[in-house]
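# Secondary and tertiary structure notes
Here is how the chains run, residue by residue.
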Amino acid sequence: MRIRPAARAELARLQEIERAAGVPFRDVGMADVADDAPPALETLERYRRAGRCWVAADARTDVPAAYLIAEPVDGALHVEQVSVHPDAARRGVGRALLARAADRAREEGLTALTLTTFTEVPWNAPYYARLGFRTLNEAGLTPGLRRIRAEEAAHGLDRWPRVCMRLELPHSGGTSGRLSG
């Protein structure tokens with residue numbers, strides 16, 4: 001897989017990846033998450049134009065198999081979405097996308113990656129914890145993360161336990177977690 005910026009012509013493909021990545025949620029009793037609509041093309045284009053939409057593309061065909069979108073929130077780069085097509089799962093693709101996001105965060109002078117995720121889904125919070133993300137308690141939430149959580153709750157995502165997580169990014173070029181290796 002090759003990590004690169006998404007092309008405008010690929011945005012519909014990112015929606016397909018999102019739909020496919022949602023299917024496994026059905027197997028853990030989260031059909032509403034599985035059936036949730038992917039980000040709108042306009043939303044994906046906004047991230048792409050900002051330079052914060054990356055794909056993991058097949059090295060041979062250059063067809064995206066995964067994507068990540070992010071935006072700065074309170075001094076960190078917040079990972080809004082990372083989705084890997086099930087056909088590309090368990091190959092380090094998500095980790096590679098997160099490593100690219102960490103590099104971008106450092107380039108922008110940001111100190112961490114943040115994200116929100118489900119606590120009891122094996123490929124969510126437990127996965128990110130293995131990569132070095134730590135769960136934030138209520139006192140550790142920034143105003144921007146509180147806003148994001150409120151939006152998620154309004155969207156119905158709090159039907160299942162969710163957390164905010166953070167990975168500190170030292171300035172040395174490596175991550176404090178395990179993203180780079």
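Note: the structure precedes this text.
Read on for an overview of the structure.

Procedures and definitions
- Residues numbered from 1 in each chain as written.
- Predicted model: local features only at pLDDT ≥ 70, side-chain atom pairs only at ≥ 80, totals over all residues.
- Heavy atoms only, no water.
- Helix = DSSP H or I, 4+ residues; strand = E, 2+ residues; numbered from the N terminus.
- Expected span 1.5 Å × (residues − 1).
- Buried < 20%, exposed > 50% of the residue type's maximum accessible area, 1.4 Å probe, protein only.
- Contact = heavy atoms within 4.5 Å.
- Phe/Tyr/Trp six-rings, centres within 6.5 Å; stacked < 30°, edge-to-face > 60°.

Turning to helix 4 (residues 93–107), a few remarks are in order. Counted at 1.5 Å a residue, the expected span for helix 4 with its 15 residues is 21 Å, and the 21 Å between its end C-alpha atoms agrees. Buried residues of helix 4: V93, G94, L97, L98, A99, A101, A102, R104, A105 and R106, and no others. On its buried face, helix 4 sits against strand 1 (2–5), strand 2 (53–57), strand 3 (64–73), strand 4 (76–84), strand 5 (112–118) and helix 5 (125–130). Positive backbone phi, approximately 75°, marks G109, located one or two places after helix 4.

On to helix 1 (residues 11–27). When we look at burial in helix 1, the residues that qualify are L11, L14, Q15, I17, E18, A20, A21, G22 and F25. Considering only its buried residues, helix 1 is in contact with helix 2 (31–34), helix 3 (41–49), strand 2, strand 3, strand 4 and strand 5. One or two residues past the end of helix 1 sits G29, with phi positive at roughly 80°.

Glancing now at the packing of aromatic side chains. According to the stated counting rule, one finds five aromatic pairs in the structure shown. Seen from their ring centres, F25 and W123 are 5.1 Å apart, and the 70° between their planes marks the pair as edge-to-face. Residue F25 is found in helix 1, and its partner W123 is found in the loop between strand 5 and helix 5; the two are separated by 98 residues along the sequence. Classification of W123 as partly exposed rests on a relative accessible area of 34%.

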